[in-house]
Amino acid sequence: MSLVLGLVLLLAVGIVGLVSVFWLPYDLADTTGGRLEPPGPNHWLGTDKLGRDTASFVMVGTRIALTVGLSSMAIAMALGVIVGLLAAFATGWVDDVQSSLLDVVIAFPTLLLAMLIGAMQGASLTSAVVSIGLAASAVVARLTRILAKGLLRRQFVTAARTSGTSWLRIVFIHLLPNMWPTLVVTAALIFGTAVLAEASLSYLGLGVPPPNSSLGRLLQGAQSTVLTAPWGAVAPGV
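We now turn to the structure provided with this report. One numbering rule holds for all chains: residues counted from 1, following each sequence as written. Since the coordinates come from a predicted model, pLDDT governs what is reported: local features require at least 70, and pairs of side-chain atoms require 80 or more to be given and counted, while whole-chain, interface and lining totals use all residues. To obtain the side-chain values, all non-hydrogen atoms of the structure were used and water was disregarded.

1. A look at the nonpolar core
Argument step 1. In plain words, nonpolar cores are sets of buried Ala, Val, Leu, Ile, Met, Phe, Trp, Tyr and Cys residues tied together by side-chain atoms within 4.5 Å. Note on classification: 1.4 Å probe, protein chains only; a residue is buried when its accessible area is under 20% of the maximum for its type, exposed when over 50%, partly exposed between these limits. Of all hydrophobic cores here, the largest spans 22 residues; its most connected members are Met-73, Met-77, Leu-85, Ala-148, Leu-175, Met-179 and Ile-190.
Argument step 2. With eight residues, helix H7 (residues 167-203) is the largest single contributor of residues to this core.
Argument step 3. In terms of nonpolar packing, the next biggest core, distinct from the first, is built from ten residues, Ile-64, Val-129, Ala-194 and Ala-197 among them. Numbering of helices and strands starts at the N terminus; helices are DSSP runs of H or I of at least 4 residues and strands are runs of E of at least 2.

Rendered as structure tokens:
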């Protein structure tokens, strides 16, 4: 049941983000609406304190959240799998050093690492994607290392190695096919974490800068009017 509900919600969010590429109820710069109007037929989710349509901003913010989530997930998975495989094939002190470094990076929360990287690079869509992707890649790297280490001890991999099969062929024929179910689940979790991290960074002013719309920035902007016009915070929050 939870899987079906999650897929339905993700599909709905995806449709909203896709539609925003081609159509918006109002232009983001349109201030013809009344200030803090409640939801109605003209403005489905009300307006903000400048008279702009909240629904339009939420649609664009949803698209940005999906973009950051998917891009960060791709960076984390690509970098993490490569580093994890290299660590799995390492032995001796090299393996110990790589494992210790991964543990140190993982000890820092993903959002904290993303904040540090974002603060150094400056607020932008690119910095948000890169910072979240790099922060999450350590988790993927450690998981990949553990999975690959276990597979390298299996008999079918040992037989392939003794028969002279190249390391690259072992990776693509024996390791990755047996790891992908677990890695797919991890990728889904990273996607959700990335969406929340982007919203948090934007809320703190380290994410996507204006005039772009971000769900976190919408929440930050609606904070001062949350008691008088709660729809400004409820819509992007949901």
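So much for the structure itself; the text now carries on.
2. Here we look at the side chain of Lys-149
Argument step 1. Following the sequence through the fold, Lys-149 ends up in helix H5 (residues 125-152).
Argument step 2. Exposure remark for Lys-149: the relative accessible area of 17% places this residue in the buried category.
Argument step 3. By definition in these notes, contact holds between two residues if any of their heavy atoms fall within 4.5 Å. With residues near it in sequence (within four places) discarded, Lys-149 still touches Ala-87, Ala-88, Ala-90 and Asp-95.

3. A short note on the packing of aromatic side chains
Argument step 1. Note on aromatic contacts: the rings of Phe and Tyr and the six-membered ring of Trp form a pair at centre separations within 6.5 Å, being stacked when their planes are under 30 degrees apart, edge-to-face when over 60 apart, and tilted otherwise. All told, the structure shown has one aromatic pair when counted by the stated rule.
Argument step 2. Considering the side-chain rings of Trp-23 and Trp-44, the 6.0 Å spacing of their centres and the 35 degrees angle between planes classify their relative orientation as tilted. Of this pair, Trp-23 sits in the loop between helix H1 (2-22) and helix H2 (54-89) while Trp-44 sits in the loop between H1 and H2, and the two are 21 residues apart along the sequence.
Argument step 3. The class for Trp-23 is partly exposed, based on a relative accessible area of 44%.

4. Regarding helix H3 (residues 92-107)
Argument step 1. A helix is expected to reach a length of 1.5 Å times the quantity of its residues less one. Relative to the 22 Å expected for 16 residues at 1.5 Å per residue, H3 spans 23 Å between its end C-alpha atoms, a close match to the ideal helical length.
Argument step 2. Of all the positions in H3, only Asp-95, Ser-99 and Leu-102 are classed as buried. For H3, the angular spread of buried residues about the axis comes to 60 degrees, placing them on one side. For H3, the exposed residues lying more than 90 degrees away from the buried face are Trp-93, Leu-101 and Ala-107.
Argument step 3. For H3, the elements touching its buried residues are H2 and H5. The arc in question is the one spanned by the directions pointing from the helix axis to the C-beta atoms.

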